[in-house]
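Examination of the molecular architecture
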Amino acid sequence: MAAAAASSTPLFSPCCAAATAKLGAACPSSYGSRRRPCTRRGRLSVVAVQTGPQKPSPSSSSQAGTESETLQNLLKREYKYGFVSDFESFSIPKGLSEATVRRISELKAEPAWMLDFRLAAYRRFLTMAQPTWSDNVYEPVDLQSICYYSAPKTKPKLNSLDEVDPELLNTFDRLGIPLSEQKRLANVAVDAVIDSTSIATTHREELMKKGVIFCSISEAIREYPDLVKRYLGSVVPPADNYYAALNSAVFSDGSFCYVPKDTVCPMEISTYFRINDKETGQFERTLIVADERSTVSYLEGCTAPAYDSNQLHAAVVELVCEEQAEIKYSTVQNWYSGDEEGKGGIYNFVTKRGRCKGRGSKISWTQVETGSAITWKYPSVELLGDDTVGEFYSVALTKDYQQADTGTKMIHKGKNSRSRIISKGISAGKSRNCYRGLVQINSGAENAYNSSQCDSLLIGDNAAANTYPTIQVGCISSRVEHEASTSKIGEDQLFYFQQRGIDHEKAVAAMIGGFCRAVFENLPYEFAHEMDALMNLKLEGSVG
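Conventions we followed
Residues numbered from 1 in each chain as written. Predicted model: local features only at pLDDT ≥ 70, side-chain atom pairs only at ≥ 80, totals over all residues. Heavy atoms only, no water. UniProt positions renumbered as here; feature names shortened; annotations may be inferred. Helix = DSSP H or I, 4+ residues; strand = E, 2+ residues; numbered from the N terminus. Buried < 20%, exposed > 50% of the residue type's maximum accessible area, 1.4 Å probe, protein only. Contact = heavy atoms within 4.5 Å. Core = buried A, V, L, I, M, F, W, Y, C linked by side-chain atoms within 4.5 Å. Pairing = 2+ DSSP bridges. 1 Å grid on protein atoms, 1.4 Å probe; cavity = no way out; pocket = protein on both sides within 12 Å on 5 of 7 lines; lining within 4 Å. Points joined across faces, edges and corners; volume = space filled by probe spheres on them. Bend = angle between axes of the 7 residues up to and from the residue. Arc of directions from axis to C-beta. Phe/Tyr/Trp six-rings, centres within 6.5 Å; stacked < 30°, edge-to-face > 60°. Lys NZ or Arg CZ within 6 Å of the ring centre and 35° of its normal. Axes fitted to C-alpha atoms, helices over the stretch in contact; angles between N-to-C directions. Left-handed = near helix turned anticlockwise from the far one by under 90°. Nonpolar A, V, L, I, M, F, W, Y, C, P; charged D, E, K, R; others polar.

As annotated in an unreviewed UniProt entry, the chain carries the name Fe-S cluster assembly protein SufB and comes from Oryza rufipogon. Taken verbatim from the UniProt record of the chain, the Sequence similarities (unreviewed entry) comment is "Belongs to the iron-sulfur cluster assembly SufBD family."

Along its length, the chain carries 13 helices and 27 strands. Residues counted as buried form 60% of the 544 residues belonging to the chain. Once local pairs closer than 6 in sequence are excluded, the contacts in the chain between residues at least 24 apart make up 83%.

One finds Ile269 and Val296 to be the most contacted residues of the largest nonpolar core, which totals 41 residues. Counting residues in each nonpolar core, the second largest holds 32 residues, with Ile92, Val101, Ala121 and Val141 among its members.

So, on to the pairing of strand β21 (residues 389-398). Moving residue by residue along a regular strand, the side chains alternate between the two faces of the sheet. Most of β21 is tucked away, with 10 of its 10 residues classed as buried. Going residue by residue along β21, you find Val389, Glu391, Tyr393, Val395 and Leu397 tucked away on one face and Gly390, Phe392, Ser394, Ala396 and Thr398 tucked away on the opposite face as well. One ladder, built from 10 bridges, connects β21 with strand β23 (residues 418-428); its direction is parallel. Residue Ser394 lies in a different strand from β23, and its bridge partner there is Ser423.

In this structure the tally under the stated criterion is five cavities of 30 Å³ or more. If you add up the space inside the largest cavity, you get close to 90 Å³. Together, 14 residues line the largest cavity, and Ser423, Gly425, Asn433, Cys434 and Tyr435 are the ones closest to its centre. When residues of the lining of the largest cavity are traced back to their parent elements, those giving at least two are β21, β23, β24 (432-441), β25 (449-459) and β26 (464-473).

As a further point, take helix α12 (residues 504-520). At Gly514, α12 shows its strongest bend, of approximately 40 degrees. Buried residues of α12: His504, Ala507, Val508, Met511, Ile512, Gly513, Phe515, Cys516, Val519 and Phe520, and no others.

Now for helix α4 (residues 98-107). For α4, the full list of buried residues reads Thr100, Val101, Ile104 and Ser105. Take α4 and look down its axis: the buried residues cluster within an arc of 135 degrees, on one side only. Exposed side chains of α4 directed beyond 90 degrees from the buried face belong to Ala99 and Glu106. Looking at the buried positions of α4, the neighbouring elements they touch are α5 (112-125) and α10 (242-250).

Time to look at the packing of aromatic side chains. If you walk through the whole model with that rule in mind, you get 12 aromatic pairs. Taking 4.8 Å as the distance between ring centres and 45 degrees as the angle between the ring planes, the aromatic pair formed by Phe125 and Tyr242 counts as tilted. Linking Phe125 in helix α5 with Tyr242 in helix α10, this pair joins segments that are 117 residues apart in sequence. Relative accessible area serves as the criterion here: at 6%, Phe125 is assigned to the buried category. For Tyr242, a relative accessible area of 9% corresponds to the buried category. Relative to Phe349, the ring of Tyr347 lies with its centre 5.7 Å away and its plane at 25 degrees, an arrangement referred to as stacked. Here Tyr347 and Phe349 have matching classes, each one buried. Among the aromatic residues, those joined into a ring-pair cluster are Phe125, Trp133, Tyr138, Tyr242, Tyr243, Tyr347, Phe349, Trp376 and Tyr378. Directly above the ring of Phe251 sits Arg118, whose terminal nitrogen or CZ lies 4.2 Å from the centroid.

Let us look at the packing of α5 against α10. Two quantities define a packed helix pair, namely the angle between the axes and the distance from one axis to the other. It is at 7 Å that the axes of α5 and α10 come closest, and there the two elements cross at 145 degrees. For the pair α5 and α10, the crossing hand works out as left-handed. In this structure, α5 uses Phe117, Arg118, Ala121, Tyr122 and Phe125 to contact α10, whose residues at the interface are Tyr242, Ala245, Leu246, Ser248, Ala249 and Val250. Split by residue class, the contact of α5 with α10 holds nine nonpolar, one polar and one charged.

Here you go:
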């Protein structure tokens, strides 16, 4: 879909020409007054429709100056996680080389096979170049200016917090992730990762009673090498892309979870990632395996201090779902996004992918993207088995000078496989928000079905929303549905709310809440009850 920047003219979604040309479908010549999906078996037609607001009435226009000022102030609030914790840490020298890779492996006391994995990934990485095809515009990342390993000097005993620096515990208390025995969350097991090291994993013993392994990836490499060797790199191989190769060479810590056959994980599992060191990149690795007929729900959160320089976060997440198993992966990405002038913030370049291997397996991604100066992220599902299900629910919010190139890929290979995509993009300030999606139905995916809904909401007159849907249909018995819309919150709408006694902040909250409801309903309770407050906080004062 071509770029649609906010303006005073009506907005519509002129994607049909590009999206249907590849498939040979006719491009509609007229636009309706609302969104209309058009589907055909084995091919797709996208109807682009006008959804922009009508011009404000004279009474509304007379209020434009006042309303515009109100909008200008609606999205401004300080990033409350921007504090820096003061604790002693150990860091290796900056720079990327084979010696760096060997040093990381040595510090983590890894076996020889793991070092071989890293070195092979690093050598492949040297043959690759930084990608340049996204909508994001930024200076090339100087990988030699980054420290690839930084960890608190005091290391905790296994399953104990007795030796943890109190400042570290206080850091996670301030983030709302208590780790101490008397405060820890009763229904959520948490792996707390700061910079390059996992500080603590709660409820490990309780989970082990059910056979569920949940620990840091570093511990898993040492304690469960056969499981890690079997699955590591099987879904996202090191050669997959530039940043996946980099991560495979230098990944620091992250989480590992294995749920055995016929087991429902007795509690939510969660990882909270925190960057603290100003000159350190974070390269965590997450590996979650749900064996046959098992179920697990995983939550992920992340924050970083408010530094005036950019930092790199390049993670890899692999999900493996065996026959009739189910993984629900939910994340609230709240990295520092930089100040109102676009200074500072995290570069969030990650690869997340799940594989539904066995018949009847299901993977569901639910994500809320509110942070990072630049986000580059496409959680994806490979539907290999018959009767498999992939789901993607996403809200991506950008404000000020943020840029986000996000979306998903659904690859259908199994018969009767089904996928659903609901993507909501909100652009405010001078930001740019891009949805990039791929629905691919291979020739053997008989009776496959996909439903995609991609909606963009513009706030103010300077934001932009771009959508690039790619649909590849290779099986005539398949069915694909795609619908899209672009709309705008303007002074006239706020004026109408005001006429009914509703102030501007509550009006914006109501419109945002309704726009995002289909995604928020799929968040776990631990996240969902915070979403309205988080979105309101992020959207305060960034229109203009």
